[in-house]
Amino acid sequence: MSYDILIVGAGTAGMSCAITAAQRGLKVGVIEKSDHVGGAMHWSGGHMSAGGTRLQKEKGIEDSVEKHLEDIYRINNKSGDLKLIEMAVREAPKTIEWLDELGMEWAPECPRIIYGHVAYETARTIYGPEKAMSIYKVLLPQWEEQVAMGRIECHFKNSFIGLSKSDNRFDTVICDVETGKCEYKGKNIVITSGGYGSNPAYFQQKHPNIPLVSSCYPTATADGHVILEKQGAQFKYGEFHLPSLGGMEEVEGSGRVDFNANWAMVLTSVYRQPRDIYVNAHGKRFIREDEVSPEARELATMQQPEWCFWVIFDEKALNSPDENGNHNPIMIGRTVEEMKAEAKRGKALRMADTIEGLADATGLPKDNLKQTIAEYNTMIDIKKDSNFGRSYLEDPIKTAPFYALKVHASVLVTFGGIKVNKDLQVLDTDEQPMPGIYAAGEVLGLGATSGSSFCSGMAITPALGFGRILGRTL
Ligand SMILES: Cc1cc2nc3c(=O)[nH]c(=O)nc-3n(C[C@H](O)[C@H](O)[C@H](O)COP(=O)(O)OP(=O)(O)OC[C@H]3O[C@@H](n4cnc5c(N)ncnc54)[C@H](O)[C@@H]3O)c2cc1C
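Counting from 1, residues in each chain are numbered in the order their sequence is written. Residue-level local features of this predicted model are given only where pLDDT is at least 70; pairs of side-chain atoms are given and counted only at 80 or more, and the full residue set underlies all totals for whole chains, interfaces and linings. Calculated side-chain values reflect all of the structure's heavy atoms, with hydrogen atoms and water omitted.

Student: Residue-level account of the nonpolar core, with values.
Tutor: Definition used in this section: a nonpolar core is a set of buried Ala, Val, Leu, Ile, Met, Phe, Trp, Tyr and Cys residues joined via side-chain atoms within 4.5 Å. Using a 1.4 Å probe on the protein chains alone, a residue whose accessible area is under 20% of its type maximum counts as buried, one over 50% counts as exposed, and one in between counts as partly exposed. The biggest cluster of nonpolar side chains holds 128 residues, and the ones touching the most others in it are L99, W143, F313 and L405. By definition, any uninterrupted DSSP run of H or I lasting at least four residues is a helix, any uninterrupted run of E lasting at least two residues is a strand, and each is numbered from the N terminus. Ranked by the residues each element gives to this core, the list is headed by helix α4 (residues 82-101), at 9 residues. Split by domain, the residues of this core number at least three in each of domain 1 (2-197 + 413-473) and domain 2 (245-410). Contacts are assigned to residue pairs with any non-hydrogen atoms lying within 4.5 Å of each other. The residues touching L99, leaving out its near neighbours within four places in the chain, are M48, M104, W106, I135, V138, L139 and L464. Judged by nonpolar contacts, the second largest core, of 18 residues, contains V279, I312, L358 and I373. Domain extents, as shown, originate in an automatic or database domain assignment.

Here you go:
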């Protein structure tokens, strides 16, 4: 089978590329290893960002592509692939406009400033009420229409395992299928196979000293990276790796967390004032819990053993509403009753009637934990944190039962990826384009489009935007 464009991966970038190319009359082949389209959109938060959108104008928010770009450079110290970042930011309002035209529903509170990452100065993050599924829901009918017209042919359960070329140009994708191997031809080949956070072996190879606790979509298994690198492609930006806080392992030691079900609100002082303390495996505090900067929290956690910590609180804190009247915001979306049930299960959340018992339940060193909590209670009395400068000093930890919640620095998106030029052509280790091969989406690495910091929306927005650019230009 031979196509004008052959796309590997029917996820975020792959769908937008396929739809855009097919609507321009091209014959598009898509190789997909799973049995469904949409990829990470099924799990993603779907926070997009763009400057100068209709929604911003309607709410009187002044913004532009230039301001968005400036803000990103302020946040990431002008790191990453600056050409790609500029391209992504320029394409972003057009992507939003496209989704708007397709009837995308936006959450009523958008655009807003998000504090889960270092905050933009302007409210420019927007998302749908069903997170990335809101995007998926407007893309799917477009996709289905092109499939019905015969312009997109998607080959499910075909796993991309190799590439070959003729006349010095890559033109063949080799796939593993149930019955053996299969080959597809494409005048241009676009790799949109996603990230590598669900491939522990590859992750360890790229980040030997980083513990992997992953919330990435299960198909983010580095297949595109491995095959492209085997053909000589360049891997970049792995050194920018930053985790996200804070995931809770459903099964201890599994290395997996569920972003949508098991996430802890450790963004204190932005969304709530802390009635808790954070201790590391030695039972010691390591940060002011009301630290505002998400990056400071992430970096501090990266200095702790296993990149994790315990959030320690008491019964009174569990039952106290936060400043917005929410009960209890420590585990996102859980009620007090649900948290108590979780504590009885005794996995991520542990409970005991005494501090000694809590040390036994968690394995934290008893003397250290007792001393840390005693010091904290004294801090509350004297209203001063001489160690870390915490300023919210209201609630002592002394009402039994006591709780400890284990929180991991987790991987939502992988930062390293395959280097491309401004035409999104894959580059080899000598910086030369590999003829016939293009890439878009998380396979490029978040480090390329967001640099050394998390900039809100700079994964999914470029995935959609670059997919569209390739759909147009190829
Ligand atoms: C929980 C979570 C929350 C997130 N929240 C946000 C957010 O709010 N904002 C933001 O900007 N980003 C966010 N992201 C990241 C963002 O959603 C992803 O980076 C982006 O959607 C990835 O798009 P993609 O097209 O590169 O990959 P995907 O959408 O993952 O698509 C890749 C496709 O390739 C297929 N594939 C893989 N290997 C093969 C193979 N060998 N052969 C054939 N097919 C293959 C997969 O099955 C999949 O369908 C989040 C991610 C997660 C996991």
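Student: I'd love a proper account of the pattern of salt bridges, names of residues and values included.
Tutor: The term salt bridge refers to a side-chain nitrogen of Lys or Arg lying within 4 Å of a carboxyl oxygen of Asp or Glu. Across all of its chains, the model carries 33 salt bridges by this definition. Close ionic contact of D276 with R272 constitutes a salt bridge, the shortest N to O distance being 3.0 Å. With respect to burial, D276 and R272 carry one shared label: buried. With a closest N to O distance of 3.3 Å, E342 and R334 form a salt bridge.

Student: Tell me about the site of the ligand, residues and numbers included.
Tutor: Any residue with a heavy atom positioned within 4 Å of a molecule or strand is treated as near that molecule or strand. Around the ligand, the structure places 35 residues, and the nearest of them are A13, E32, D223, E442 and I460. The term polar contact refers here to a pair of N or O atoms within 3.5 Å; inside protein, the definition further demands a hydrogen-donor-capable atom paired with an acceptor-capable atom, and it admits residues adjacent in sequence only when both atoms are side-chain atoms. Between D223 and the ligand, the recorded distance is 2.7 Å, taken from a side-chain N or O atom to a nitrogen atom. Between the ligand and I460, the relevant distance is 2.8 Å, taken from an oxygen atom to a main-chain nitrogen or oxygen of the residue. In isolation the ligand has 1,000 Å² of accessible area, and contact with the protein removes 96% of it. Taken together, the elements giving at least two residues each to the shell around the ligand come down to α1 (12-23) and β6 (159-166). Residues were grouped as follows: Ala, Val, Leu, Ile, Met, Phe, Trp, Tyr, Cys and Pro as nonpolar; Asp, Glu, Lys and Arg as charged; and all remaining residues, including Gly, as polar. Considering only residue class, the shell around the ligand consists of 13 nonpolar, 18 polar and 4 charged. Accessible surface is estimated by sampling points in the Shrake-Rupley manner with a 1.4 Å probe; for residues, cover comes only from the protein chains shown.

Student: Mind laying out helix α3 (residues 65-76), listing which residues take part and the relevant values?
Tutor: When the terminal C-alpha atoms of α3 are compared, their 16 Å separation across 12 residues agrees well with the 16 Å that a helix rising 1.5 Å per residue should span. Turning to α3, its buried residues are V65, H68, L69, D71, I72, Y73, I75 and N76. In this structure, the buried side of α3 is in contact with β3 (48-49), α4 and α13 (446-450). Here the expected length of a helix is defined as 1.5 Å per residue gap, with one fewer gap than residues.

Student: Could you give an account of the environment of T449, naming the residues involved and the relevant values?
Tutor: Mapped onto the secondary structure, T449 falls in helix α13. Linking T449 and G80, residues 369 residues apart in sequence, is a C-alpha distance of 6.3 Å. Those residues in contact with T449 that lie beyond four places of it in its chain are I85, M458, P462 and F466. In this structure the side chain of T449 is engaged in a polar contact, spanning 2.9 Å, whose partner is the backbone oxygen of M458.

Student: Outline the packing of aromatic side chains, listing residues and values.
Tutor: The rule is short: rings of Phe, Tyr and Trp, with Trp giving its six-membered ring, pair when the centres are within 6.5 Å, and they are stacked under 30 degrees, edge-to-face over 60, tilted in between. Tallying each qualifying case throughout the model produces 12 aromatic pairs. Among the aromatic residues, ring-to-ring pairing joins Y196, Y202, F203 and F235 into one connected group. A cation over a ring is seen here: K78 above Y73, with NZ or CZ 5.0 Å from the ring centre. Above the face of the F235 ring, K206 is positioned so that its terminal group lies 4.2 Å from the ring centre. Comment: the charge-over-ring label is applied if NZ (Lys) or CZ (Arg) is within 6 Å of the ring centre and within 35 degrees of the ring normal.

Student: Summarise the pairing of strand β17 (residues 433-439); cite the residues concerned and give the values.
Tutor: When you tally the buried positions in β17, you get 5 out of 7 residues, the bulk of the element. The pairing criterion is simple: DSSP has to find at least two bridges between the two strands. Relative to β17, strand β8 (residues 180-191) runs parallel, the two being bridged by 3 bridges. Paired with I191 across the two strands is A439, which belongs to β17. Bridge analysis of strand β16 (residues 425-427) against β17 gives 2 bridges, and the strand direction is antiparallel. In the sheet register, L427 faces β17, and the bridge partner there is P433. Between the antiparallel neighbours β16 and β17 lie 5 residues, among them E431 with a positive phi of about 70°.

Student: Could you give an account of the side chain of T95, naming the residues involved and the relevant values?
Tutor: Take T95: it is sitting in helix α4. Setting aside its immediate chain neighbours within four residues, T95 contacts M48, L464, G465 and R468.

Student: A description of the domain arrangement of the protein chain should follow, citing residues and the corresponding values.
Tutor: You can read the domains of the protein chain as domain 1 (2-197 + 413-473) and domain 2 (245-410). Here the C-alpha centre of domain 2 lies 36 Å away from the C-alpha centre of domain 1. With 12 residues of domain 1 at the interface, the matching set in domain 2 holds 10 residues. Both faces considered, domain 1 and domain 2 share a buried interface measuring about 850 Å² in area, 48% of it formed by carbon and sulfur atoms. Between the two partners, domain 1 and domain 2, sit 0 salt bridges. Here domain 1 and domain 2 share 4 residue pairs in polar contact (both at pLDDT 80 or more) between them. Counted by class, the side of domain 1 that touches domain 2 contains 5 nonpolar, 5 polar and 2 charged residues. Note: buried area is the sum, over both parts, of the accessible area (probe 1.4 Å) each one loses when the two are combined.

Student: Talk me through unusual backbone geometry; I want residue IDs and the actual numbers.
Tutor: The linkage connecting L245 with the following residue, G246, adopts the cis geometry, with an omega of -15°. As for its position among the elements, G246 is in strand β10 (residues 244-247). Here the residue pair A400 and P401 is connected by a cis peptide bond, since its omega of -5° sits within 30 degrees of zero. In this fold, P401 is placed in the loop between α12 (366-382) and β14 (402-410). Backbone geometry places N77, a non-glycine residue, at a positive phi of 55°. Position of N77 relative to the elements: it lies in the loop between α3 and α4. Judged by its relative accessible area of 64%, N77 falls in the exposed class. Non-glycine residue E306 carries a positive phi angle of around 60°.

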